[in-house]
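Descriptive analysis of the structure
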Amino acid sequence: MAINFNSDRLSSDENHVFYSESIGDDLPAETDVNELINAHANRLNNRYNRLMNYYLGKHSILRKLAKAKGKPDNRLVINFAKELVDNEVGFFAGTPVKFDYDNNGHDNNELDQRIADFVAINDLTDTIAELAKQVDIFGRSYTLLYQDEDSNTRVAPIDPRNAFAVYGTQIGAPIEYAVYYTQRQRNGTISGTLYTKHSVVTFHGSASAGIQYDEVTDNLFTNVPLVEFFASIERQGLFEQVISLIDAVDMAMSNKGNDIDYFSNTIMKVINAKLRKETIDEMIDKRVINVPSVDSDRQVDIDFLNKPDADLIQEHFLDRAIDAIYTKSNVANFNDDVFGNASGTALEFKLQSMSNAANMKERKFKLSIRQLFKLAFAIGATLPLDMTGELAKNVKATFKRTVPHNVQDEATTAKTLLDVVDRKTAISAISTVDDPDAVIKARDEEQRNNANNALATLGDVSENDFKGGDK
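Notes on the structure in this doc start here. Note that this is a predicted model, so its numbers are computed, not measured. Along each chain, the written sequence defines residue order, and numbers are assigned to residues from 1. At least 70 in pLDDT is required for a residue's local features to be given in this predicted model, at least 80 for side-chain atom pairs to be given and counted, and no such filter applies to totals for whole chains, interfaces and linings, which use all residues. The side-chain numbers reported here are obtained from all heavy atoms of the structure, hydrogens and water having been left aside.

Nonpolar side chains in soluble globular proteins generally cluster together in the buried interior. By convention a nonpolar core is built from buried Ala, Val, Leu, Ile, Met, Phe, Trp, Tyr and Cys residues, the set being connected through side-chain atoms within 4.5 Å. Relative accessible area decides the class of each residue, using a 1.4 Å probe on protein chains only: under 20% of the type maximum gives buried, over 50% gives exposed, and in between gives partly exposed. Residues Phe-99, Phe-239 and Phe-373 are the most contacted members of the largest nonpolar core, which totals 99 residues. Contact between two residues is taken to exist if any of their heavy atoms lie within 4.5 Å; hydrogens are not considered. Not counting the four nearest positions on each side in its chain, Phe-373 is found in contact with Phe-99, Ile-115, Phe-118, Leu-124, Leu-383, Ala-392 and Val-395. Formed by five residues, the second largest nonpolar core is a distinct cluster that contains Ile-427, Ile-430, Val-433 and Ile-440.

Take Asn-394: it is sitting in the loop between α11 (390-393) and β14 (395-398). If sequence neighbours within four positions are ignored, Asn-394 has contacts with Asp-100, Tyr-101, Asp-102 and Asn-103. The secondary structure listing takes helices from DSSP runs of H or I that are at least 4 residues long and strands from runs of E that are at least 2 residues long, numbered from the N terminus.

Our focus in this paragraph is the packing of helix α2 (residues 80-93) against helix α4 (residues 124-138). As a rule, the C-alpha atoms of each element are fitted with a line to give its axis, helices using only the stretch in contact, and angles between N-to-C directions run from 0 to 180 degrees. Closest axis-to-axis distance for the α2/α4 pair is 9 Å, and the angle between their directions is 140°. Of the possible angle classes, the one that applies to α2 and α4 is oblique. In this structure, α2 crosses over α4, and the sense of that crossing is right-handed. Of α4, the residues touching α2 (which contributes Val-85, Glu-88, Val-89, Phe-92 and Ala-93) are Ala-129, Ala-132, Lys-133, Asp-136 and Ile-137. Think of it as three bins: nonpolar holds Ala, Val, Leu, Ile, Met, Phe, Trp, Tyr, Cys and Pro, charged holds Asp, Glu, Lys and Arg, and polar takes everything else, Gly as well. Its residues assigned to classes, the contact of α2 with α4 comprises seven nonpolar, no polar and three charged. Our angle categories are set so that under 35 degrees counts as roughly parallel, over 145 as roughly antiparallel, 65 to 115 as roughly perpendicular, and the remainder as oblique. Each crossing gets its hand from how the near helix is turned against the far one by less than a right angle, where anticlockwise is left-handed and clockwise is right-handed.

As a further point, take α4. One less than the number of residues in a helix, times 1.5 Å, gives the span that helix is expected to have. For α4, spanning 15 residues, the distance from its first C-alpha to its last is 20 Å, which sits close to the expected 21 Å at 1.5 Å a residue. When you tally the buried positions in α4, you get 11 out of 15 residues, the bulk of the element. Inspection of α4 places Leu-124, Thr-127, Ile-128, Ala-129, Leu-131, Ala-132, Gln-134, Val-135, Asp-136, Ile-137 and Phe-138 among the buried residues, and these make up the whole buried set.

Looking now at helix α10 (residues 352-379). Count 3.6 residues to each turn of an α-helix, and residues three or four apart come out pointing the same way. Relative to the 40 Å expected for 28 residues at 1.5 Å per residue, α10 spans 41 Å between its end C-alpha atoms, a close match to the ideal helical length. Remark: Gly-380 follows α10 within two positions and exhibits a positive phi of approximately 65°.

The next point concerns the side chain of Asp-32. Following the sequence through the fold, Asp-32 ends up in helix α1 (residues 30-55). The class of Asp-32 is buried, set by a relative accessible area of 3%. If we ignore the near neighbours within four places in the chain, the residues touching Asp-32 are Ser-7, Arg-9 and Leu-10.

Should DSSP find at least two bridges between two strands, the strands are taken to pair. Pairing is antiparallel across the open sheet formed by three strands, whose spatial order is β5-β4-β11. Where the open sheet ends on each side, the last strands, each with one partner, are β5 (153-158) and β11 (226-230). Neighbour to neighbour, the strand axes of the sheet diverge by 25° on average, direction disregarded. Across six bridges, strand β4 (residues 140-147) lies against β5 in antiparallel orientation.

Glancing now at the pairing of strand β10 (residues 210-218). As defined by bridge partners, strand β9 (residues 199-206) adjoins β10 across seven bridges and the pair is classed as antiparallel. Looking at the pairing, Phe-203 lines up with Tyr-213 of β10. Linking β9 to β10, which pair antiparallel, is a turn of three residues.

Glancing now at the sheet that holds strand β6 (residues 163-168). The seven strands lie next to each other as β1-β2-β6-β7-β8-β9-β10, forming an open sheet whose pairing is mixed. Taken across any chain shown, the strands that pair with only one partner, and hence form the sheet edges, are β1 (10-12) and β10. Averaged over all neighbouring strand pairs, the angle between strand axes comes to 25°, with direction disregarded.

This next bit is on a nonpolar patch on the surface. A surface patch of nonpolar side chains, amounting to about 260 Å² of accessible area, comprises Met-268, Ile-289 and Phe-304. With respect to the secondary-structure elements, Phe-304 resides in strand β13 (residues 301-304). Judged by its relative accessible area of 41%, Phe-304 falls in the partly exposed class. Like-charged residues within 9 Å of one another, or nonpolar side chains (Val, Leu, Ile, Met, Phe, Trp, Tyr) within 5 Å, are grouped into patches, provided each residue has over 30% relative accessible area and no salt bridge. Residue exposure ignores everything except the shown protein chains as possible cover, and the areas themselves are Shrake-Rupley values with a 1.4 Å probe. The rule for a salt bridge is simple: a side-chain nitrogen of Lys or Arg has to be within 4 Å of a carboxyl oxygen of Asp or Glu.

Attention now moves to the pairing of strand β8 (residues 189-195). Taking burial as the measure, the seven residues of β8 include five buried ones, the bulk of the element. The pairing of strand β7 (residues 175-183) with β8 spans six bridges and is classified as antiparallel. Its bridge partner being in β8, Tyr-180 is matched across the sheet by Thr-193. Hairpin remark: β7 followed by β8, antiparallel, with five residues in the connecting loop; positive phi at Gly-188, about 75°. Where β8 folds back on β9, the antiparallel hairpin that results is connected by three residues.

Enumeration over the complete set of coordinates arrives at 20 salt bridges. We note a salt bridge from Asp-148 to Arg-154, for which the minimum N-O separation is 3.5 Å. Between Glu-228 and Arg-235 there is a salt bridge, with its nearest N and O atoms 3.2 Å apart. Three or more residues are tied together by salt bridges with common partners; here these are Lys-98, Asp-100, Lys-424 and Asp-437.

This paragraph deals with unusual backbone geometry. Here the phi dihedral of Thr-222 falls at roughly 55°; this positive angle occurs in a residue that is not glycine. Within the element layout of this structure, Thr-222 appears in the loop between β10 and β11. Of note in the backbone geometry, Asn-330 takes a positive phi value of approximately 60° without being a glycine. Topologically, Asn-330 is positioned in the loop between α7 (311-329) and α8 (338-341).

So, in structure tokens, the structure goes:
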């Protein structure tokens, strides 16, 4: 549901994306920023905190009312949320993302080195993995670019519970401004930073009294230095749609635990016999039951009270519910036996839905990565200066899925590709190759050395050797 604001300049869609009318070179009104912070803190953060709790194993079953005294009350948590996220992140970004410069097949070693330095300074491969994890949990995440004390351009992943972006109202409009803030739970004090295209503004205040701008400095990036990452425009977490199924599995497993406790404490029934405490103690000690009947016309009936057994129904339900959790979240169940002995083709079919979802997520990530590099090039520090954004378009981010590979088949494919594509593309088909350019360079060097060694060997054979051979 969209959020309604008091300010006519602000709006939101049903995916909780904030929009604002253009502010030009000015700062947004303090009241607008305060209203956005309140909406973010009260609406979005409640949802984000719930999702994080599920990832951490703090499921709703732990908060249910206690049962009556004496009744089994197991609270079992089967943390599918964490398993789904960790498996998807490992599949999507477990293999480090490769960054290089590629201008329509024309390499640039100097730019490649500058990009490699930028990636190394910021541990960008790890940052991408962290962003992928936050996107799977919350549905979105952010990176903030800034200059450190050594004038290096730095990139930091930002928890979406502490930041938000406000887009322009025009179709396809970029971020109009962004806010990073923290709020103390004890007294509601708010402090943070506002980023516009031209300014960086610190502020403080509270949810009730509003915020006030403090220091205003120039924005060296000449654009909002916050980049949003997401997997789909709906900004939904990976397991958000299957939370009810996760709750159902927690409840079913807890009830099975209660059943086990029940059978461990089964009550004995004794009919047509009068038992004294001493008799009961003797029965427990000697494990012999011998009691006289009260009514000689009836037999003594000694048995356990039995609870109806619904184990088959519970197991069938659990199988269906667990299967639905994996299916509806588009994550493969790696506990399935098929992953132990499946052929390459069968494995691809089993991972098809997961691969499709990862491909869509990759396309969204690449758009955000391009914006990240555009900002880094615009400041001209760690990366060379480029205000046009052309260099950022040629930065190629290569994602590789973390799945078992048949290297022999890949090598055969690479040889076949050499007949129709360039060497770099062909070598990229081999999963064990992280840097095709380095492999090509090493291969060329090896061929040159072999040729030089062959020439040197021929040079050792003198004309006299040939004459001697004629004799």
